[in-house]
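# Structure at a glance
Listed here are the chains, written in short residue letters.
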Amino acid sequence: MTFETHKFPIIIREHLLDTFGHVNNAAYLEIFEEARWEMISSRGFSLKEIMEKGQGPVILEINIKFMKELKLRESLVIETVVTEYSGKVGNIRQLIKRGDEVCCEMNCKAAFFDTRARKIILPTEEWMHAIGAHS
């Protein structure tokens with residue numbers, strides 16, 4: 001199985017900066033989450049569907065590597081791709097890029113969660129489509 005890379009353009013805004021004039025480390029989590037939401041929403045799996053079905057994504061683990069600082073009003077692209085999905089758990093890789101330069105890399109483990117049963121479940125066909133899976 002292969003997964004399609006989703007590209008999400010972003011401009012660094014004032015509310016993301018810290019007193020050093022670059023993006024605050026905690027803001028990276030918000031930036032990456034926004035890109036993941038855009039990826040699944042653009043493929044028909046929005047918050048509305050999650051609320052109706054009672055099923056949606058949950059992050060289990062995150063590792064972030066900061067390589068280049070991000071500054072005010074920079075135009076960047078976030079690339080998001082699932083690198084593996086085995087059983088109930090998948091791995092997602094996200095890169096923040098300035099042109100071809102990688103500024104930040106985030107790898108996380110994610111799963112599909114049943115909000116009513118309160119447990120991780122096997123991914124549905126709709127969920128696999130939302131994360132860009134191709135056979």
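For the structure, check the block above.
In what follows, the accompanying structure is described. (Residues numbered from 1 in each chain as written. Predicted model: local features only at pLDDT ≥ 70, side-chain atom pairs only at ≥ 80, totals over all residues. Heavy atoms only, no water.)

## A look at the overall build of the protein chain
Along its length, the protein chain carries 3 helices and 8 strands. Out of the 135 residues belonging to the protein chain, those deemed buried represent 40%. Partitioning the contacts of the protein chain with sequence separation of at least 6, the portion at a separation of at least 24 is 67%. Surface accessibility of the protein chain: about 7800 Å² in total, with carbon and sulfur atoms responsible for 51%. Across the protein chain, the centroid of the 18 positively charged side chains sits 2 Å from that of the 20 negatively charged ones. (Helix = DSSP H or I, 4+ residues; strand = E, 2+ residues; numbered from the N terminus. Buried < 20%, exposed > 50% of the residue type's maximum accessible area, 1.4 Å probe, protein only. Contact = heavy atoms within 4.5 Å. Areas by Shrake-Rupley, 256 points an atom, 1.4 Å probe, with all protein chains shown as cover. Lys, Arg positive; Asp, Glu negative; His and termini not counted. Charge placed at Lys NZ, Arg CZ, Asp CG, Glu CD.)

## Describing the nonpolar core
Judged by nonpolar contacts, the single largest core of 35 residues is most densely connected at Ile96 and Ile131. For this core, the secondary-structure elements that each account for two or more residues are β2 (6-11), α1 (25-42), β4 (75-86), β5 (89-98), β6 (101-114) and α3 (125-130). With 7 residues, α1 is the single largest residue contributor to this core. Sequence-distant contacts of Ile96, defined by excluding residues within four places in its chain, comprise Tyr28, Ile31, Phe32, Leu70, Leu76, Val77, Ile78, Glu101, Val102, Cys103 and Cys104. (Core = buried A, V, L, I, M, F, W, Y, C linked by side-chain atoms within 4.5 Å.)

## Observations concerning the environment of Ser135
Its place among the elements puts Ser135 in the segment after β8 (133-134). For Ser135 and Thr124, which are 11 residues apart along the polypeptide, the C-alpha to C-alpha distance reads 14 Å.

## With respect to the pattern of salt bridges
The final tally for this structure, using the stated rule, is 10 salt bridges. Here Glu79 ties to Lys7 by a salt bridge, and the two come within 4.0 Å at their closest N and O atoms. Of this pair, Glu79 sits in strand β4 while Lys7 sits in strand β2, placing them 72 residues apart in sequence. Overall, the relative accessible area of 17% leaves Glu79 in the buried class. Judged by its relative accessible area of 54%, Lys7 is exposed. Between Glu105 and Arg93 there is a salt bridge, with the nearest N and O atoms lying 3.6 Å from each other. Taken as a pair, Glu105 in strand β6 and Arg93 in strand β5 lie far apart in primary sequence, 12 residues in all. Arg93 sits in the partly exposed class, given a relative accessible area of 33%. Several salt bridges share partner residues, and in doing so they unite Lys68, Glu74, Arg98 and Glu101 into one network. (Salt bridge = Lys/Arg side-chain N within 4 Å of Asp/Glu carboxyl O.)

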